[in-house]
Amino acid sequence: MSSADPTERTGPRVPVEPSAAPGLVDCARELAEGRTTSSGLVAAALARVEASRHTLNAFRQLRAEAALAEAAEADRRLEAGERLPLLGVPVAVKDDTDVAGMPTYFGCDGVLPPATADSEAVRRLRAAGAVVVGKTNSCELGQWAFTEGPAFGATRNPWSTAHTPGGSSGGSAAAVAAGLVPAALGSDGAGSIRIPAAWTHLVGIKPQRGRISVHPHSDAFQGLTVNGPLARTVADAALLLDAAAGPHPGDPHRPPAVDASAAARRDPGRLRIGLSLRPPLTLTRNAPHPEVVRAVTALAEALARLGHHVEEARPRYGLIGLSFVPRATAGIAELAALHPEPGLLDPRTRSALRTGTRLGGRVVRAARAREVRQHARIGAFFDTAGGGPGYDVLLTPTTAAPPPRVGAFDHLSAWRTDLAMTSACPYAWPWNVLGWPGVNVPAGFTRDGLPLGAQLLGPSRSEALLVSLAAQLEADRRWYEHRPPELSAAGGR
C-alpha cells in the first residue's frame with residue numbers, strides 16, 4: 001500500500017507524547033485548578049474534528065457555535081468558583097441520541113426534524129457541566145459492526161484508515177481513539193460499544209440495562225440496547241458513566257446507583273475468572289482468528305499473574321440466539337417505520353423491517369419471556385448454589401476477528417451481511433439479551449498493528465467489580481501509553 005494515500009495508512013503503535021490531549025479526568029482537573037479553559041479545550045476539539053473530516057469522518061453533526069458559547073459560560077462559572085464533575089469538558093454523543101435542536105439521524109439519509117428536547121443521558125451530561133460538541137456517526141439504525149452508509153460515507157479507524165473502527169458506535173470510537181474528544185457516549189444493542197472499543201484500543205462499558213437512561217425510548221430495541229461510555233482509560237470511562245447514569249421518571253428499568261469512579265480506585269480482590277474462547281452457537285460456527293486467541297490468552301495469563309484464579313470454562317448459552325433475533329429485528333422495524341422517507345433506507349434495513357414486522361407481537365413477547373430462564377441458566381455460571389462453578393467474571397474475546405477493511409460489506413445482501421457480522425462478532429450480543437454489564441479492555445495488537453479487545457463479563461449489576469478489575473489490568477498493561485500513528489490531516493494527536 002502507498003504511504004502517500006491518507007486512506008490507506010497503517011502503522012505500529014507509538015508511545016503517547018507529553019503534549020497529547022488530556023483525557024476526561026485530566027480535563028476536569030485542569031479546569032477546576034485553573035490550568036486551562038473550557039473555551040480553549042472546546043475550540044481545540046472543534047479544530048481537530050474539522051481537520052480530520054477527510055481522514056476519519058467521525059462526526060455527523062457539529063454544534064460549534066453553541067458549544068463555544070457554552071464553553072464561555074462554563075469559564076465564567078469556573079471563575080466564580082462553581083465546581084461540577086465535568087464543568088467545561090468537551091464530549092461527544094452518538095447520532096442515535098437526542099440533542100435539542102439537532103436531528104437524530106441514527107445513520108439514515110433524508111430530512112428529519114430537530115429534536116425538541118435532550119435525551120435523559122444528554123440532560124444529565126449537561127447537568128454535570130459537559131459541553132457536547134457534536135454527534136458522531138453510526139451505521140443505519142445501529143445494525144452493523146461497521147460505520148458506513150450513503151448518508152455520510154465511511155468512518156475510518158485511526159489505527160489504519162483502510163479499516164473500519166467497528167460499529168455501530170464507530171464514530172464515537174474513532175473520535176476518542178484519535179484524540180478529537182476525551183470521551184464519548186455510545187450505545188450497545190449487540191456489542192455496538194464493545195466491538196468498536198476493541199477495534200480502536202479503547203475501554204468501552206456496556207452497563208446494566210437501565211443504568212443510563214435510553215429516554216425518550218422506554219425500552220430501546222426490545223430491551224437490548226443500553227447507552228455507555230468509550231474512553232482511553234478506565235477512570236475516564238467511569239467518570240462519563242457516573243455523569244450520564246440515572247433514570248428518567250418513566251424508565252421501567254431502575255438498577256440501584258453505582259459509583260464507578262470509586263470502583264476504579266479499588267482493588268478487586270482475588271477473583272475466579274472463567275476463560276471461554278468458544279463463542280455461543282451461531283450459524284457460522286467460525287473459530288476465532290489465531291491472533292485473537294493469542295491476545296486474549298495473554299490477557300488471561302496477565303490476570304493469573306495478578307493473583308486471580310483463571311481457568312477455561314464453558315458457560316451454558318443455550319439457544320439464546322432464538323431470543324435475540326426477534327427482539328433485534330422488531331427494534332429495527334419500530335424505528336424504520338418512523339422514517340419519513342422509507343425509500344431512502346438501505347435495502348438491508350428494509351429487509352430487517354419486513355422480518356421484524358413478521359416476528360413482532362407474540363413472537364417478541366415469547367422471546368422476552370425466555371429471559372427469566374436465560375438469567376437462571378447463564379447465571380448459574382456465577383453461582384455456587386445448586387452446584388454452579390461460582391465464577392466471578394467471564395473473560396472472552398470481544399470479536400472473533402481483527403477490524404475488517406472499509407467497504408468489505410458493500411453490496412452484500414441482508415442475509416450475507418448478517419452472516420458476515422455474526423462470523424466476525426459472535427461474542428458480544430448474549431449479554432444484551434440478558435441486560436447484564438460488560439467491559440471491553442484493550443488486549444493488544446495484530447502483527448500489522450490493528451487493535452484487538454477482550455470482554456470482562458459479569459452477572460446482573462456487577463459494573464463495580466468489572467470496573468475494578470479493568471482498572472487493575474490497566475495499571476499492569478498500561479494500554480493508555482499507546483496511540484494511533486499520527487494522522488497528518490487530523491490536527492495532531
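Here the structure is shown first, and the text comes after it.
Residues numbered from 1 in each chain as written. Predicted model: local features only at pLDDT ≥ 70, side-chain atom pairs only at ≥ 80, totals over all residues. Heavy atoms only, no water.

Observations concerning the overall build of the protein
Per the secondary structure count, the protein includes 17 helices and 15 strands. Overall size of the protein, expressed as C-alpha extent along the three principal axes, is 60 × 55 × 55 Å. Taking the contacts inside the protein whose residues are at least 6 apart along the sequence as the reference set, 78% of them involve residues at least 24 apart. Carbon and sulfur atoms provide 54% of the accessible area of the protein, an area that totals close to 18500 Å². The averaged location of the 46 negative side-chain charges in the protein is 7 Å from the averaged location of its 52 positive side-chain charges. (Helix = DSSP H or I, 4+ residues; strand = E, 2+ residues; numbered from the N terminus. Contact = heavy atoms within 4.5 Å. Areas by Shrake-Rupley, 256 points an atom, 1.4 Å probe, with all protein chains shown as cover. Lys, Arg positive; Asp, Glu negative; His and termini not counted. Charge placed at Lys NZ, Arg CZ, Asp CG, Glu CD.)

With respect to the side chain of Glu148
In this structure, Glu148 sits in strand 5 (residues 148-149). The charged side chain of Glu148 is buried without a salt bridge, its nearest counter-charge being Arg348 at 7.3 Å. In this structure the side chain of Glu148 is engaged in a polar contact, spanning 3.2 Å, whose partner is the backbone nitrogen of Gly407. Sequence-distant contacts of Glu148, that is, excluding residues within four places in its chain, are made with Cys139, Gly153, Ala154, Thr164, Val406, Gly407 and Asp410. (Buried < 20%, exposed > 50% of the residue type's maximum accessible area, 1.4 Å probe, protein only. Salt bridge = Lys/Arg side-chain N within 4 Å of Asp/Glu carboxyl O. Polar contact = N/O pair within 3.5 Å; in protein donor to acceptor, adjacent residues only side chain to side chain.)

Side note on the side chain of Thr225
Within the secondary structure layout, Thr225 lies in the loop between helix 7 (220-223) and strand 9 (226-231). A relative accessible area of 12% places Thr225 in the buried class. Those residues in contact with Thr225 that sit more than four places away from it in its chain are Ser187, Asp188, Gly189, Val214 and Ala220.

Focus: the nonpolar core
Counting residues in hydrophobic clusters, the biggest one holds 63 residues, and the most contacted among them are Leu86, Leu125, Leu395 and Val441. Among the elements that take part in this core, helix 8 (residues 234-244) stands out by supplying eight residues, more than any other. Beyond its immediate stretch of four places on either side in the chain, Leu125 contacts Leu86, Val93, Ala130, Leu185, Leu240, Ala243 and Ala244. Counting 27 residues, the second-largest nonpolar core is a separate cluster that includes Phe59, Val133, Leu202 and Leu230. (Core = buried A, V, L, I, M, F, W, Y, C linked by side-chain atoms within 4.5 Å.)

Some remarks on the state of the cysteines
This structure, assessed with the given rule, holds zero disulfides. The thiol of Cys425 is not disulfide-bonded; the next cysteine sulfur, from Cys139, is found 11 Å away. (Disulfide = S-S within 2.5 Å.)

Some words on the packing of aromatic side chains
This structure, assessed with the given rule, holds nine aromatic pairs. Ring centres of Phe324 and Trp429 lie 5.3 Å apart, and the angle between their planes is 40 degrees; on these two criteria the pair is classed as tilted. Residue Phe324 is found in helix 11 (residues 321-336), and its partner Trp429 is found in the loop between helix 15 (414-424) and helix 16 (430-434); the two are separated by 105 residues along the sequence. Across the pair, Trp429 and Phe324 agree in class, each one buried. Pairing Trp431 with Trp436 gives two aromatic rings, centres 5.9 Å apart and planes at 75 degrees, and the pair type is edge-to-face. Accessibility expressed as a relative area gives 5% for Trp436, which makes it buried. (Phe/Tyr/Trp six-rings, centres within 6.5 Å; stacked < 30°, edge-to-face > 60°.)

Brief notes about the environment of Gly167
Here Gly167 shows up in the loop between strand 6 (153-154) and helix 5 (170-177). In this structure Gly167 comes out as buried when scored by relative accessible area, which is 2%. Distance in space between the C-alpha atoms of Gly167 and Pro196 is 5.6 Å, their sequence separation being 29 residues. Excluding residues that lie within four positions of it along the chain, Gly167 makes contacts with Trp144, Ala145, Phe146, Thr147, Gly191, Ser192, Ile195 and Pro196.

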